[in-house]
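# Observations on the model geometry
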Protein chains: 2
Amino acid sequence: MAPPSHCHVNTNGATAVPVVEPEADTAQHARKMLDPEEFRRLGHQVVDFIADYYAKMETYPVHPDVTPGFLRRQLPAEAPSRPEPDDAFAAAMKDVHDLILPGLTHWQSPRHFAHFPASSSTVGALGEALAAGLNVVPFTWAASPAATELEMVVVDWLGKALHLPETLLFAGGGGGTLLGTSCEAILCTLVAARDRKLAEIGEHRTGDLVVYCSDQTHFAFRKAARVAGIRTANIREVATRRDDDAFALSPAVLEAAMRADADAGRVPLFLCATVGTTQTTAVDPLRHLADGVEAVDSFSVNAHKWLLANNDCCAVWVKRPSLLTAALGTDHDEYILKGGAAAEGHDVVDYKDWSVTLTRRFRALKLWLVLRCHGVEGLRDVVRAHIRMAAVFESMVKADARFEVVAKRRFALVCFRLRSPERFGGEKTANELNRTLLDRVNATGSGPYMSSAKVGGVYMLRCAIGSTLTEERHVRDAWKVVQDRAASLLRKMEIINSVLA
Amino acid sequence: MAPPSHCHVNTNGATAVPVVEPEADTAQHARKMLDPEEFRRLGHQVVDFIADYYAKMETYPVHPDVTPGFLRRQLPAEAPSRPEPDDAFAAAMKDVHDLILPGLTHWQSPRHFAHFPASSSTVGALGEALAAGLNVVPFTWAASPAATELEMVVVDWLGKALHLPETLLFAGGGGGTLLGTSCEAILCTLVAARDRKLAEIGEHRTGDLVVYCSDQTHFAFRKAARVAGIRTANIREVATRRDDDAFALSPAVLEAAMRADADAGRVPLFLCATVGTTQTTAVDPLRHLADGVEAVDSFSVNAHKWLLANNDCCAVWVKRPSLLTAALGTDHDEYILKGGAAAEGHDVVDYKDWSVTLTRRFRALKLWLVLRCHGVEGLRDVVRAHIRMAAVFESMVKADARFEVVAKRRFALVCFRLRSPERFGGEKTANELNRTLLDRVNATGSGPYMSSAKVGGVYMLRCAIGSTLTEERHVRDAWKVVQDRAASLLRKMEIINSVLA
């Protein structure tokens, strides 16, 4: 008999492979690894290290000038057998400073305008640090009652702040949880929807399930659908258009796609709509932004993206938690201590049944501290500040006839490009021109770091404002760098053009 | 046209629902949320808070005496609109101390013997804190070159320390990554194996794929298989036996199951073997522990379980990274900045293509600090200390004729139970007796906190040693509590028995 295609070994639980027979009483040694006074001593060093890093943030180029392998070449091929004899921690922190920091892309730089921000705050970072220090595992209510309940409280808090309908909150019969990322949130809700539908129509019809998104939906959705076993051919990416809907999902086109699938005997299962797509922050039609959300079955938002909760923290709410727990719940092994007498007669939330993972961090502590210490209006101020700065950037782009704003600005992302003069080939060379422009902008070191998108064949630069440290002067400086690089690029093309002419 | 079964809204990226038009220049306000000196001031408070918590760890009952709803009732139903005017952070930390700590299960208590440990260390906690402070997102090499390369280095370090074959390491053509949990590791490798097989036999045969584990395998595997769309009926849990194999997977029984599936036209896809099962730390036959691992395609270990890397940190290695990236890779949108000129001609690892999630934390920093500051031998000392203490506990159980050790002790877990005297019904009442014993042991407050397992119909108590702070005296005290509760329980049963007789 041939072996199965794939053999995996899991060393789960209290097992480690370097098992050796006990030799001597090494408990004292072990205990020292979590000594309170040693924690205090080293902890203060780490706090100062981070504070100093923030203070010097502007001196770092956002993106390092390194080539692949630069760090691997500098580190030994094997872990040390024993730590350096003196102060191993100090030596390691020196390496963090000298080797690692210079090789990082500094996501907290006020000049980081690429992708979307990984928003940071003092309270968010310290909330994560505190959770790491407590190091509890709230996989069931009993395994950490306060952590479970704080999570229930804080997802309701956030849901109310976002004006979600009551039906998605614990207060209204639904409920939420904190996962790592959107992709996990989509995967969990998709698996719940899938299993519920298959219970109705039979597991043999898995291949008939169809899911829908737009061609602007984050690829996290396609990935989640593939992981959940949805056929590649059954992932419908509804085409969007720049002119009609500013890259939003068209209800008419969606309906036609669903009807065609239903007519062919397939089963429309899941629609993923987006408020603020990755490439251009397009908004799929839920009426005004998130109004219309009453009709949805689940909702997710990355609090680590714009709500000051350091990585990672994705909140997801569902109307029917029982569908999640039916799909992701585990039978209650004896291994899992239920609440015991304390929980009897109570409807206890065991968050392990709401997600893929069983082990989980105490993420609620961080989000609770952020909401508590800044308030909902404080977070809104941050959002407002970034939107205002994006409007400033947009107005500067619009005031320069060499440039155009390519996609409607809705939040704090400006998608723009340099128009290619007709004498350089116009549209034919526009994409290449802008790709070169981005490379030059990003190569400045002391300047901004941006990213790009390509939508409907049009290449564009993306200036996403969202770093906590960004101020208007950084935005104005960034625009000056773009203009300067554009001018020099156009000058060079002019020369080439005249030589070739 | 009816709507699809499920409608999900994702507010991914730089979008938040509480969108408001910009009103005033609030950038200064935003910037204050990441002020270096404020970080320093609050950071030192958090460090002292955690150090004080460790110092007082022994004074907390491991498991709180609370009932569901205890915390939710004490917290307001909505987030504050604005923070308290004085020192909101100090007020929040007071609530952490007064409301949250008393409601936690203290996983770092030296008397926490339940489940498996969530191992902590000063360096592990601070590594997580440092990563939260830097808050970079190493989803591609370009998005954080040093973070990506440190991850490559540290998984090779750990793989070598575990004596994994070269073929699973970057050094030997394979490679590894750091995920959150085992369940994610299994899910990713399973999806990779699934897609490779379906590419061979066609997507229409998804329903024929069969996966194998033992009836002792962690339910993370069943969950991963269900998420990946493997039919519930095609998840084979090979029965194990106490007498023959000490609950290990029997190769003969596995082979018979695979043959029956193949004969019926099904496709044996994936075997998940375990070194140290959840309930009793049984070892599936890979020859001596992890020897024989040369034949496997992937390997995972939770470094947050016994290797001092605070939650969460699961290392997974694969022989063929290309299978992972084929299944989980995303087309390279323009949105994703590749390495640009720097990466040209290099084979760059983009870790987003190795896992379900795109956003990810800088977990490598923590594991690297742990290995650097304790060395491989330091971690082995910890493992040795725990095994030695488990042997002490086991010998005490064996020396008391009222008890028996139920499953062979292999690592630091002792599975034991009270024999039920014949006059109380013997085997008939043994399970109930031991369940009551566990309740009494765990109700002591100042005593140990253990969990249970039920294997082959036999209920047993589990004493899992692995907390960093545990010393031999805690193990000896725990045993005294078990003996004391057992004596009082037996005495009470004796009285009931004599009344009934």
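Fair warning: this is a prediction, and the values are worked out from it, not measured in the lab.

This part takes up the pattern of salt bridges. Scanning all chains against the criterion turns up 80 salt bridges over all chains. Here B:Asp87 ties to B:Arg41 by a salt bridge, and the two come within 3.6 Å at their closest N and O atoms. You can see B:Asp87 sitting in the loop between α2 (36-55) and α3 (88-100) and its partner B:Arg41 sitting in helix α2, a full 46 residues away along the chain. Looking at B:Arg41, the relative accessible area reads 38%, which means it is partly exposed. For B:Lys366, the salt bridge identified is with B:Glu128, shortest N-O distance 2.6 Å. With B:Lys366 in helix α12 (residues 363-398) and B:Glu128 in helix α4 (residues 122-134), this pair connects stretches of sequence that are 238 residues apart. Summarising the burial analysis for this pair, B:Lys366 and B:Glu128 share the class buried. Taken together, the shared-partner salt bridges in this structure form one network comprising A:Glu128, A:Asp312, A:Arg361, A:Arg363, A:Lys366, B:Glu128, B:Asp312, B:Arg361, B:Arg363 and B:Lys366.

Many structure descriptions define interface size as the accessible area lost when the parts assemble. Splitting chain A by domain gives domain 1 (37-108), domain 2 (137-361) and domain 3 (377-500). Computed from C-alpha atoms alone, the centre-to-centre distance between domain 1 of chain A and domain 2 of chain A is 37 Å.

Throughout the structure, instances matching the rule amount to 26 aromatic pairs over all chains. Taking 5.4 Å as the distance between ring centres and 70° as the angle between the ring planes, the aromatic pair formed by A:Tyr351 and A:Trp354 counts as edge-to-face. Like A:Trp354, A:Tyr351 is buried. Each residue in the set A:Phe39, B:Tyr53, B:Tyr54 and B:Tyr60 is aromatic and connected to the rest through ring pairs, giving one cluster. Taking the ring centre of A:Phe424 as reference, the NZ or CZ of A:Arg423 above it sits at 5.0 Å.

As a further point, take the packing of α4(B) against α12(B). Residue and element names in this part refer to chain B. It is at 8 Å that the axes of α4 and α12 come closest, and there the two elements cross at 145°. In terms of crossing hand, the pair formed by α4 and α12 is right-handed. Between α4, through Val 123, Gly 124, Gly 127, Glu 128, Leu 130, Ala 131 and Leu 134, and α12, the contact on the second element is made entirely by Leu 365, Lys 366, Leu 369, Val 370, Cys 373 and His 374. Considering only residue class, the contact of α4 with α12 consists of eight nonpolar, three polar and two charged.

Rules used in this analysis
Residues numbered from 1 in each chain as written. Chains lettered and ligands numbered in written order. Predicted model: local features only at pLDDT ≥ 70, side-chain atom pairs only at ≥ 80, totals over all residues. Heavy atoms only, no water. Salt bridge = Lys/Arg side-chain N within 4 Å of Asp/Glu carboxyl O. Helix = DSSP H or I, 4+ residues; strand = E, 2+ residues; numbered from the N terminus. Buried < 20%, exposed > 50% of the residue type's maximum accessible area, 1.4 Å probe, protein only. Domains from an automatic or database assignment. Phe/Tyr/Trp six-rings, centres within 6.5 Å; stacked < 30°, edge-to-face > 60°. Lys NZ or Arg CZ within 6 Å of the ring centre and 35° of its normal. Axes fitted to C-alpha atoms, helices over the stretch in contact; angles between N-to-C directions. Left-handed = near helix turned anticlockwise from the far one by under 90°. Contact = heavy atoms within 4.5 Å. Nonpolar A, V, L, I, M, F, W, Y, C, P; charged D, E, K, R; others polar.

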